[in-house]
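Notes for the structure review
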Amino acid sequence: MAKNQKTYDYIIVGAGGSGAVLASRLSEDEGTSVLLIERGGKSFNPMLYIPKGFFFTLKSDKLTTTYSAEPFPSGYAEPWQRGRGLGGSTAVNGMMYVRGQQADYDALAAAGNPQWGWERVLPAFRAIEDHSLGASAMRGAGGPVGISVPEDSDDETVRLFLESAEKAGWEYVADLNAQDQQQIGFTPSTIKNGIRQSTANTFLWPARRRKNLTIATGTSVGLLRFDGRRVVGVKARQGERLVDYTARKEVIISAGTIETPMLLERSGIGRGEVLSKAGVALRVEAPNVGERVIEQHGVATQVRFKREIGHTLALSSKTKQLAQGARYLLTREGPVGTAGYDLMAHVRSSPEVQRPDIQVVATPFGLDFSAGLNPSEEPGMYLLGYQIRPNTRSSIHISDASPGSSPVIQANYFQDEEDRRVTGAIVDRLRDVTSQEPLASEIAFEEFPGREVRTSEQVLKFAHSPGSTIYHAVGSAAMGPNDDDVVTPDLRVRGVEGLRVVDISVLPTQVSGNTAAPAMAIGWLAADLIRNA
Ligand SMILES: Cc1cc2nc3c(=O)[nH]c(=O)nc-3n(C[C@H](O)[C@H](O)[C@H](O)COP(=O)(O)OP(=O)(O)OC[C@H]3O[C@@H](n4cnc5c(N)ncnc54)[C@H](O)[C@@H]3O)c2cc1C
């Protein structure tokens, strides 16, 4: 099959968390031709493979795209960032591998999406995983993506925190993905032998020599092409060149929560009033394209230690970072080879709630936000908590018809009573631990939010000042059984033929986890849906 052809069975737009998995699986069949289009370029930056490299890659315009949400009333415009290039956001993310809670997947199925219940997604997760703790009924081994969970730590801060957390009623567990209770443990990460596991090096690299898989990098899809109601291909830009590609069977959009609704809208599929304002002719009235977006929002606490303990000592200056870098190169070990957050907990906002509704992540060093994101020079610990199943909806729409124009992101948080209650409790739950011994005696003071922030209202105000997006937005092309759901449960875009969305935007709710694992499972299961269509 000629690699420079323009017609393929399937065209996939976006090589990220879902698109790369889908391309790899569809091209397992030698008789099926697949074109995977990615707007980011080929990058051989070693920082993409070194776990702590994300401190550098997140600052790169080549490896990420940073959008600006509409300003909050305070005037602060929250940055929403996504990865670009092979692997998409999985190449630059925090590497936390959290699949979510069974009850959320079962709720998806009960809401009319039978393909997405736990009994369907668990086998997909298990097939994807090559878990450092070995196979079990809840884990996979031998799959393409290495998942590692440290079994211990030599960091004194980590030990102090674990001991205090257990006293606060957060049970220590070896595998946080194995059950959905209140618990703390080492963060499961997409890291294997000290190397980041993006969907680029786990799914695309092994498939790259297949003659039936073409990967077009540096190529940005601007519009869908139609023949009547049927989507027959895409219009793309490669540098200065415009190229039309044709799909014999289907076009699949895997451009992520921000770009997927924009591509649909620019192509005439969306909410009439949005399209008319942007100067796009309406082809299909799809009122929920770009609507129903749900993002999590973090509330951080940082404590300063009296003694010089923790990884701060190892990473607090350029010289120490270089020394740790050299150690990593020689041994693949040390703080450079670990994920963003060493510890993670799933916590109930109050004793009355049935299952954890807050996720906590912790680094055994403080962070310095004064000039971007850097490890602090002072010994401390950074804790971030966020509600994992918020209800408040945001929206993402095009601002005008031209490909590449900026989105209008209306980022909303805490507008729902439950969201306010849960988020308002986060700082208290973190202090449940920092006030326990042995940690309490080590703490000199709480750097932020500071002891003066006590009530739920004060915490919510602090959470908006500015707090942070968690990069997990879902829902802009959400699935469902109803006529106004953007895609059907088998991910076909309603109102047209030959078009699906396969990425994290199809989730109508947060599933209580991080979103890389669900994005991979969506790509994995979508391949079965497409092959069996
Ligand atoms: C900074 C950051 C930290 C994160 N941390 C974590 C974490 O620790 N754990 C976790 O589970 N999740 C994390 N996430 C989220 C997770 O990585 C994403 O939810 C997941 O990768 C989503 O997969 P996706 O396929 O929907 O989109 P993406 O992975 O974002 O992929 C979309 C791809 O489509 C490409 N694309 C977009 N538009 C076009 C176009 N028009 N033409 C061609 N290509 C296009 C993009 O360049 C990109 O490569 C993080 C995300 C970010 C950004």
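Residues numbered from 1 in each chain as written. Predicted model: local features only at pLDDT ≥ 70, side-chain atom pairs only at ≥ 80, totals over all residues. Heavy atoms only, no water.

Some points on the site of the ligand
The cut-off we apply is this: A single heavy atom is enough: if one lies within 4 Å of a molecule or strand, its residue is considered near that molecule or strand. Counted as a polar contact is a pair of N or O atoms within 3.5 Å, where, for protein atoms, one must be capable of donating a hydrogen and the other of accepting one, and residues adjacent in sequence contribute only when both atoms are in side chains. All accessible areas in this document rest on Shrake-Rupley with a 1.4 Å probe, and a residue is counted as covered only by the protein chains that are shown. Secondary structure elements follow DSSP: runs of H or I of four or more residues count as helices, runs of E of two or more count as strands, with numbering from the N terminus. Residues are grouped as follows: nonpolar covers Ala, Val, Leu, Ile, Met, Phe, Trp, Tyr, Cys and Pro; charged covers Asp, Glu, Lys and Arg; every other residue, Gly included, is treated as polar.
Taken together, 36 residues lie around the ligand, and Glu 38, Ser 89, Met 96, Thr 515 and Ala 516 are the ones closest in. A distance of 3.1 Å separates an oxygen atom of the ligand from a polar atom in the backbone of Ile 504. Considering the ligand on its own, with 1000 Å² of exposed area, one finds that the protein chains cover 97% of that surface. Secondary structure elements with two or more residues in the shell around the ligand: β4 (79–83), β12 (219–227), α7 (256–266) and α15 (516–531). Split into classes, the residues belonging to the shell around the ligand amount to 11 nonpolar, 19 polar and 6 charged.

Quick notes on the packing of aromatic side chains
Inclusion rule: Ring geometry is summarised as follows: Phe, Tyr and Trp rings, the Trp one being its six-membered ring, pair when their centres sit within 6.5 Å, and such pairs are stacked at plane angles under 30 degrees, edge-to-face over 60 and tilted between the two. Type-normalised accessible area, obtained with a 1.4 Å probe on protein chains alone, sets the label of each residue: buried when under 20%, exposed when over 50%, and partly exposed for intermediate values.
The final tally for this structure, using the stated rule, is 12 aromatic pairs. Ring centres 6.3 Å apart and planes at 70 degrees place the aromatic pair Phe 203 and Trp 524 in the edge-to-face group. One end of the pair, Phe 203, is in helix α6 (residues 199–207); the other, Trp 524, is in helix α15, and 321 residues separate them in sequence. Take Trp 524: its relative accessible area is 15%, and that puts it in the buried class.

Notes on α15
To keep it simple, the criterion reads: Here, expected helix span is obtained from the residue count minus one, scaled by 1.5 Å.
In this model α15 runs 23 Å from its N-terminal to its C-terminal C-alpha over 16 residues, within 8% of the 22 Å that 1.5 Å per residue would give. Burial analysis of α15 places 14 of its 16 residues in the buried class, which makes it a mostly covered element.

Comments concerning the pattern of salt bridges
Formally: Definition used for salt bridges: Asp or Glu carboxyl oxygen within 4 Å of a side-chain nitrogen of Lys or Arg.
Under the definition given, this model contains 30 salt bridges. Ionic pairing is found between Glu 446 and Arg 431, a salt bridge with its closest N-O pair at 2.8 Å. Of this pair, Glu 446 sits in strand β25 (residues 443–448) while Arg 431 sits in helix α12 (residues 426–434), placing them 15 residues apart in sequence. Judged by relative accessible area, Glu 446 falls into the buried class, the value being 10%. Looking at Arg 431, the relative accessible area reads 7%, which means it is buried. Across the pair Arg 531 and Asp 528 runs a salt bridge, and its minimum N-O distance is 3.2 Å. Taken together, the positions of Arg 531 and Asp 528, both in helix α15 and 3 residues apart, correspond to about one turn of that helix. Among the residues examined, Asp 528 registers a relative accessible area of 26% and is labelled partly exposed.

Looking at the UniProt feature "domain: Glucose-methanol-choline oxidoreductase N-terminal" (unreviewed entry) in the protein
What counts, and what does not: UniProt positions are given in the numbering used here, feature names are shortened, and annotations may be inferred rather than shown by experiment.
Sequence positions flagged by UniProt for "domain: Glucose-methanol-choline oxidoreductase N-terminal" (unreviewed entry) are, in local numbering, residues 83–106 and 256–270. Helix makes up 21% of residues 83–106 and strand 4%. Its end C-alpha atoms lie 30 Å apart. The distance from the first to the last C-alpha atom of residues 256–270 is 16 Å, and the span holds 73% helix and 13% strand.

Regarding the packing of helix α3 (residues 102–110) against helix α4 (residues 118–128)
To be explicit about the condition: Lines fitted to the C-alpha atoms define the axes, with helices restricted to the stretch that makes contact. Angles between their N-to-C directions range from 0 to 180 degrees. Any angle from 65 to 115 degrees is called roughly perpendicular, while one under 35 is roughly parallel, one over 145 is roughly antiparallel, and all others are oblique. Contact between two residues is taken to exist if any of their heavy atoms lie within 4.5 Å; hydrogens are not considered.
Where α3 meets α4, the closest approach of the two axes is 8 Å, and the angle between their N-to-C directions is 125 degrees. By the criterion of interaxial angle, the relationship of α3 to α4 is oblique. For the pair α3 and α4, contact is made by Gln 102, Tyr 105 and Asp 106 and by Trp 118, Val 121 and Phe 125, respectively. Grouping the amino acids of the contact of α3 with α4 by side-chain chemistry returns 4 nonpolar, 1 polar and 1 charged.

Remarks on the pairing of strand β8 (residues 183–186)
How we decide: We call two strands paired when DSSP finds no fewer than two bridges between them.
Pairing of strand β7 (residues 171–172) with β8, which is carried by 2 bridges, proceeds in the parallel orientation. Opposite Glu 171, over in β8, you have Gln 183 as the bridge partner. For β8 and strand β18 (residues 343–347), the ladder comprises 4 bridges, and the chain directions are antiparallel. Following the sheet pairing, Gln 183 is matched in β18 by His 346.

Comments concerning the side chain of Thr 202
Within the secondary structure, Thr 202 sits in helix α6. On the accessibility criterion, Thr 202 (6% relative accessible area) is buried. Side-chain polar atoms of Thr 202 contact the backbone oxygen of Ser 198, separated by 2.7 Å. Not counting chain neighbours up to four residues away, the residues in contact with Thr 202 comprise Pro 144, Val 145 and Gln 197.

Section: the nonpolar core
This is how the line gets drawn: Side-chain atoms within 4.5 Å link the members of a nonpolar core, which is a set of buried Ala, Val, Leu, Ile, Met, Phe, Trp, Tyr and Cys residues.
If you look at the biggest cluster of nonpolar residues, it comprises 77 residues, and the most contacted ones within it are Leu 224, Leu 264, Ile 269, Leu 491 and Leu 499. Counting residues per element, this core draws most heavily on α15, which supplies 11 residues. Not counting the four nearest positions on each side in its chain, Leu 491 is found in contact with Trp 116, Met 479, Leu 499, Arg 500, Val 501, Val 502, Val 506, Ile 522, Ala 526 and Leu 529. Counting 51 residues, the second-largest nonpolar core is a separate cluster that includes Phe 161, Ala 278, Ala 411 and Val 422.

A look at helix α14 (residues 456–463)
For the record, the criterion: Directions drawn from the helix axis to the C-beta atoms are what define this arc.
Those residues of α14 that fall on the buried side of the exposure criterion are Val 459, Leu 460, Phe 462 and Ala 463. Axial view of α14: buried residues confined to an arc of 160 degrees, hence all on one face. Where α14 is buried, its residues meet β17 (297–305), α11 (417–424), α12 and β25.

So, unusual backbone geometry
In the segment running from Glu 437 into Pro 438, the intervening peptide bond is cis, with an omega of 10 degrees. Following Phe 448, the chain continues into Pro 449 via a peptide bond in cis, with omega recorded as 5 degrees. Mapping Pro 449 onto the fold places it in the loop between β25 and α14. Unusually for a residue other than glycine, Arg 292 sits at a positive phi of about 60 degrees. Mapped onto the elements, Arg 292 comes out in the loop between β16 (284–285) and β17. You can call Arg 292 buried: its relative accessible area is 18%. With phi around 65 degrees, Tyr 471 is a residue other than glycine that occupies positive phi space. Relative to the assigned elements, Tyr 471 resides in the loop between β26 (468–469) and β27 (499–501).

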